[in-house]
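Listed below, chain by chain, are the residues.
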Amino acid sequence: MGVTKSQIPFTYDDYKSLPESMDRRYELMDGELCMVPAPTTAHQLISQNIEFLLLQYVRATGCGQVLHAPVDVVLGEGSRRDVVQPDIVFIAATRTAIVTKQEIAGAPDLVIEILSPGTADRDRGYKRTLYQRTSVREYWIVDPDQMSIDTFCLGPTGFTAPLRYRHDDEIVCTAIPGLRVSLVEVFKMWGATP
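A few points on the structure.

Thresholds, definitions, all that
Residues numbered from 1 in each chain as written. Predicted model: local features only at pLDDT ≥ 70, side-chain atom pairs only at ≥ 80, totals over all residues. Heavy atoms only, no water. Helix = DSSP H or I, 4+ residues; strand = E, 2+ residues; numbered from the N terminus. Buried < 20%, exposed > 50% of the residue type's maximum accessible area, 1.4 Å probe, protein only. Contact = heavy atoms within 4.5 Å. Polar contact = N/O pair within 3.5 Å; in protein donor to acceptor, adjacent residues only side chain to side chain. Pairing = 2+ DSSP bridges. Core = buried A, V, L, I, M, F, W, Y, C linked by side-chain atoms within 4.5 Å.

1. Quick notes on the overall build of the protein chain
No. 1: Broken down by element type, the protein chain carries 5 helices and 15 strands.
No. 2: By residue count, 45% of the 194 residues in the protein chain fall in the buried class.
No. 3: Across the protein chain, contacts joining residues at least 24 apart in sequence account for 54% of those joining residues at least 6 apart.

2. A look at the environment of Tyr126
No. 1: Counting through the fold element by element, Tyr126 comes out in helix 4 (residues 126–133).
No. 2: Along the chain, Tyr126 and Asp30 lie 96 residues apart, while their C-alpha atoms are 8.9 Å from each other.

3. Structural notes on the side chain of Thr134
No. 1: Its place among the elements puts Thr134 in the loop between helix 4 and strand 10 (138–143).
No. 2: Look at Thr134 and you get buried, because its relative accessible area is 18%.
No. 3: One polar contact links the side chain of Thr134 to the main-chain carbonyl oxygen of Leu130, over a distance of 2.8 Å.
No. 4: Not counting residues within four places of it along the chain, the set of residues in contact with Thr134 comprises Leu75, Gly76 and Ala107.

4. With respect to the pairing of strand 9 (residues 110–114)
As a general feature of sheets, a regular strand has side chains that alternate between the two faces.
No. 1: Within strand 9, 5 of the 5 residues are buried, which leaves it mostly tucked inside the rest of the structure.
No. 2: Inspection of the sheet shows strand 7 (residues 88–92) paired to strand 9 by 3 bridges, in the antiparallel sense. Within the sheet, the bridge partner assigned to Ile88 lies in strand 9 and is Ile112.
No. 3: For strand 9 and strand 10, the ladder comprises 5 bridges, and the chain directions are parallel. Bridge pairing links Ile112 to Trp140 in strand 10.

5. Things to note about the nonpolar core
No. 1: Of all hydrophobic cores here, the largest spans 27 residues; its most connected members are Leu54 and Leu110.
No. 2: When contributions to this core are tallied by element, the ones reaching two or more residues are helix 2 (41–61), strand 7, strand 9, strand 10 and helix 5 (183–186).
No. 3: It is helix 2 that contributes the most residues to this core, 6 residues altogether.
No. 4: Each residue touching Leu110, except ones within four places of it in the same chain, is listed here: Leu54, Ile88, Val89, Phe90, Glu138, Tyr139, Trp140, Cys173, Ala175 and Ile176.
No. 5: Among the nonpolar cores identified, the runner-up in size contains 19 residues, and Val89, Val111, Tyr131 and Tyr139 belong to it.

Right, dumping it as structure tokens:
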């Protein structure tokens, strides 16, 4: 994981001043600038499968918007805001005002992160806490190696205990009413299934 530690924390304004021509992607978490490594082909195929399943349903129902990385999701207030680039996000139709031309300014309803060696600790640790603190309604952690998905749903006191889905399970999404996602379809790649 590439983290640029500084005696002086990076601010949201510092992040926004990074040159657009940079060939690397970064996130700003707790004042630290973190490089986001390029995803593997397996990561990309899984991301594509999930996004396809979500887009089919969301377009058919008109229930919101689905976006994928790289897109800045700005969480928090003031100069100490966090800026993350989740793999996939969903924003309900009633909340699409948070989608601006430059970024998503607020917590999406559903955030999906696909683990990779360089991001797994952040996705399971800091980001899970950040998403809970900023009221993301549902958070999925997709593990390509285990072919599993852990889902966290926001309750009155934070995220509920995760539900783990594997093999031929089907996720019933709470953030997108009526959506059911088959893990067979999520992990379908190169002829392999869970």
